[in-house]
Amino acid sequence: MRRILVIIGIVIFVYACSTQKGAVQVNKNEPDIAVPDSLEYDLETFDVKFETWYQMHNNPSMYRSQQYYENWNRQYVSAWNHKAIHSSKRGFFEPIVGYDPNEDYGFELNHELFYYFQYVENVLKIKILQGGPKAVNF
């Protein structure tokens, strides 16, 4: 009985200590009924703690313009993808973020993606972009 408890304890410990990949993926969700120009986009993060953190820091009174988020997201995605290809921390920066700067993803997705990059830099303490925006209320 004692051996079983020790084995279960080790398995739980290993599972709890395993690292999560901090990856982001932007997917197109096509609606069931084909309507011209009605694509929806979702942001998929593989870090379960981000969703909770995002809900706590998603403050409409601090919203910026969509253009503001798009500008920073272009820079962050470029830096992220460069690190995914060339960095020694390659495991964290996988997969490459599929963000097309010429595509209109809308305010919500750009806002959430921007906040994911802020989460990685300010909570996980992993620098993505030198000279990025100054963190407020993180």
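What you see is a predicted model, and the numbers here were worked out from it, not measured in a lab.

Asker: Help me understand the overall build of the chain, please; the structure alone is not making it clear to me.
Answerer: The number of helices and strands found in the chain is four helices and two strands. Element order for the chain, N to C, with α for helix and β for strand: α-β-β-α-α-α. When burial is assessed residue by residue, the chain has 34% of its 138 residues classed as buried. In the form shown here, the chain has an accessible surface area of approximately 9,300 Å², with 55% of it arising from carbon and sulfur atoms.

Asker: Please explain the packing of aromatic side chains as it appears in this structure.
Answerer: Each aromatic ring pair is specified by the distance between its two centres and by the angle formed by the two planes. Applying the stated criterion across every chain, the model contains 22 aromatic pairs. Above the plane of the ring of Tyr68 lies Arg64, whose end atom (NZ or CZ) is 4.8 Å from the centre.

Asker: Any chance you could explain the nonpolar core here in plain terms?
Answerer: The tendency in soluble globular proteins is for nonpolar side chains to be buried side by side. In terms of nonpolar packing, the biggest core is built from 28 residues, with Tyr76, Trp80, Phe93, Tyr116, Phe117, Val120 and Ile128 touching the most fellow members. Secondary structure elements with two or more residues in this core: strand E2 (40-45), helix H2 (48-57), helix H3 (66-86) and helix H4 (106-122). Counting residues per element, this core draws most heavily on H4, at eight residues. Ignoring any residue separated from it by four or fewer positions in sequence, one finds Ile128 in contact with Tyr76, Ala79, Trp80, Lys83, Phe93, Phe117, Val120 and Glu121.

Asker: Looking at this structure, how should I read the pattern of salt bridges?
Answerer: Note on pairing: side chains with opposite charge can pair once their charged atoms come close. Evaluation of the coordinates by the stated rule reveals one salt bridge. Here Glu121 and Lys127 are joined by a salt bridge, their closest N and O atoms 3.9 Å apart. Owing to a relative accessible area of 9%, Glu121 belongs among the buried residues under this scheme.

Asker: Is there a simple way to explain the environment of Glu112 in this structure?
Answerer: The topology assignment puts Glu112 in helix H4. Taking the C-alpha atoms as reference points, Glu112 and Gln55, 57 residues apart in sequence, are found 10.0 Å from one another. Apart from the residues lying within four places of it in its own chain, the contact partners of Glu112 are Leu43, Phe50, Glu51 and Tyr54.

Asker: I would appreciate a short explanation of the packing of H3 against H4 in the present structure.
Answerer: Two measures define how a pair of helices packs: the angle their axes make with one another and the distance between the axes. One way to put it is that H3 packs onto H4 with a least axis distance of 9 Å and a crossing angle of 50°. Considering the angle they form, H3 stands oblique to H4. Along this stretch, H3 crosses H4, giving a crossing that reads as left-handed. Residues Gln66, Tyr68, Tyr69, Glu70, Trp72, Asn73, Tyr76, Val77 and Trp80 of H3 touch H4, and the partners they reach there are Gly106, Phe107, Asn110, His111, Leu113, Phe114, Tyr115, Tyr116, Phe117, Gln118, Val120 and Glu121. Considering only residue class, the contact of H3 with H4 consists of 13 nonpolar, six polar and two charged.

Asker: Looking at this model, I keep getting lost on the side chain of Asn73. Mind explaining?
Answerer: Within the secondary structure, Asn73 is located in helix H3. Look past the residues within four positions of Asn73 in its chain and what remains in contact with it is Tyr99, Asn110, Leu113, Phe114 and Phe117.

Definitions and cut-offs
- Residues numbered from 1 in each chain as written.
- Predicted model: local features only at pLDDT ≥ 70, side-chain atom pairs only at ≥ 80, totals over all residues.
- Heavy atoms only, no water.
- Helix = DSSP H or I, 4+ residues; strand = E, 2+ residues; numbered from the N terminus.
- Buried < 20%, exposed > 50% of the residue type's maximum accessible area, 1.4 Å probe, protein only.
- Areas by Shrake-Rupley, 256 points an atom, 1.4 Å probe, with all protein chains shown as cover.
- Phe/Tyr/Trp six-rings, centres within 6.5 Å; stacked < 30°, edge-to-face > 60°.
- Lys NZ or Arg CZ within 6 Å of the ring centre and 35° of its normal.
- Core = buried A, V, L, I, M, F, W, Y, C linked by side-chain atoms within 4.5 Å.
- Contact = heavy atoms within 4.5 Å.
- Salt bridge = Lys/Arg side-chain N within 4 Å of Asp/Glu carboxyl O.
- Axes fitted to C-alpha atoms, helices over the stretch in contact; angles between N-to-C directions.
- Parallel < 35°, antiparallel > 145°, perpendicular 65-115°, else oblique.
- Left-handed = near helix turned anticlockwise from the far one by under 90°.
- Nonpolar A, V, L, I, M, F, W, Y, C, P; charged D, E, K, R; others polar.

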